[in-house]
Each structure stands twice: as structure tokens, then as C-alpha cells.
Amino acid sequence: MAPPKSRKIAVMGFRSVGKSSLTIQYVEGQFVDSYDPTIENTFTKSVKYKGQEFLLELIDTAGQDEYSIFPQSYSMGIHGYIIVYTVTSAKSFEVAKVIHEKLLDMTGQNYVPMVLVGNKTDLHMERVVSTESGKVVANSWKAAFFEASAKENSCVQEIFNTMLYEIEKHQNGPEDKKEDCNIL
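Residues numbered from 1 in each chain as written. Predicted model: local features only at pLDDT ≥ 70, side-chain atom pairs only at ≥ 80, totals over all residues. Heavy atoms only, no water.

> Sorry, what's going on with the pairing of strand β5 (residues 114-119) here?
Each regular strand shows side chains that alternate between the opposite faces of the sheet. Where burial is concerned, most of β5 is hidden: 6 out of the 6 residues are buried. Once the chain exits strand β4 (residues 80-86) it traverses helix α2 (residues 90-107) before rejoining the sheet at β5, and the crossover so formed is right-handed. Judged from the 4 bridges that link them, β5 and strand β6 (residues 144-147) form a sheet pairing that is parallel. The partner of Leu-116 across the bridge, within β6, is Phe-145. In this fold, the crossover linking β5 to β6 by way of helix α3 (residues 131-141) has right-handed handedness. (Buried < 20%, exposed > 50% of the residue type's maximum accessible area, 1.4 Å probe, protein only. Helix = DSSP H or I, 4+ residues; strand = E, 2+ residues; numbered from the N terminus. Right-handed = clockwise from strand over helix to strand, strands pointing away. Pairing = 2+ DSSP bridges.)

And the structure:
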């Protein structure tokens, strides 16, 4: 059997958008409600995807804002980026766009594998960012787009699986279509 492929994924976004909650929900299958601002954590998870073993290294970054200077490590050896905003904050959505621009500047690429995630869909009454707005931005980035709820474990697996799909497609060229969890 082939040895596992290592893939590094950075989870980025404004503070309090649920980067850690999404990552922990994916890795450990639990929702962590307590909020401590993350310094930076790295999680690992072995997954089997399309018959291949992968060792994922998930870098749960500290919250960024529009003035953040990204450490060079955010472009070194990173295979893909999950950019998270919360549907309850227009500011977090704007910061997601700034992060995207900075990533392209830093990597010197016009495309990097990426998934845009509107988190906290369980907070229906507090929504201020429309699904349509998220779709438009993701399309302009050629990125996959999901709306998710780390709390309800809605679309969490699919986000990370699609991230893996995008990375592999970028590495090997397109294969078949990604899985469906309301890929929007």
C-alpha cells in the first residue's frame, strides 16, 4: 500500500468566526463552545480519501484582521487554505476578502486551493451576510463555498474533504466532481 500523503491546510479568518470550532469538530467530533482566542494550534488527522491515506496537518491560525502581517510560514508548505467568516458579521466577511488578497500576494500565485466557509448558520436570526454574497466571492476566487455550522456539525466533514479534493486537483489535474453537501 502507498505511504500516506501529507497535506498541510491553514484555517484562517477574523477572530471569533469559529476556526477552532470547525477544526475541533472535524478532528475530534465535538463542539467546543468556550472561546479562548487561539494563538495557533496544529491538529493532525489521518483520513482515507479516494483510496489514498492522507495525513492532514491542520493549522488553526490566530484570528486575522485587515492589518495582520502574515508570517511567511503561512505560505511555506501549505497545500490549501480554508478561509472562514461568520454569516453574522459583515466585518468578518470583508476580512476574509483581505486575507484572500494577502495570500495571493504572499504566495505569488493567482490561484491557491481554497475553500470559503460561512460559519454559524445555526444563528439564523443574526445572519447579515447572504448565501448569495458568499457564492459570488467564492466564484470570483475559483474556490469551493460552503455554509456550515460547527455547532450542529453541518457540512464540517465536507469542507475538509472538498479542501482535499481541491488540493489534489491542483496537484494532479481535475478528476471527478466533489461531494455534495449543498456546495453552494
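> Got a minute to help me understand the side chain of Thr-121 in this structure?
Relative to the assigned elements, Thr-121 resides in the loop between β5 and α3. Judged by its relative accessible area of 16%, Thr-121 is buried. The contacts of Thr-121, once residues within four sequence positions are left out, are Val-87, Arg-127, Glu-147, Ala-148 and Ser-149. (Contact = heavy atoms within 4.5 Å.)

> Is there a simple way to think about the packing of α2 against α3 in this case?
A packed helix pair is summarised by two numbers, namely the angle formed by the two axes and the spacing between the axes. Relative to each other, α2 and α3 sit at 0°, their axes nearing to 12 Å. As summarised for this structure, α2 and α3 are arranged roughly parallel, according to the angle between their axes. Packed against α2, whose contacting residues are Phe-93, Ala-96, Lys-97 and His-100, the element α3 presents Ser-133, Gly-134, Val-137 and Trp-141 at the interface. Class assignment for the residues of the contact of α2 with α3 results in 4 nonpolar, 3 polar and 1 charged. (Axes fitted to C-alpha atoms, helices over the stretch in contact; angles between N-to-C directions. Parallel < 35°, antiparallel > 145°, perpendicular 65-115°, else oblique. Nonpolar A, V, L, I, M, F, W, Y, C, P; charged D, E, K, R; others polar.)

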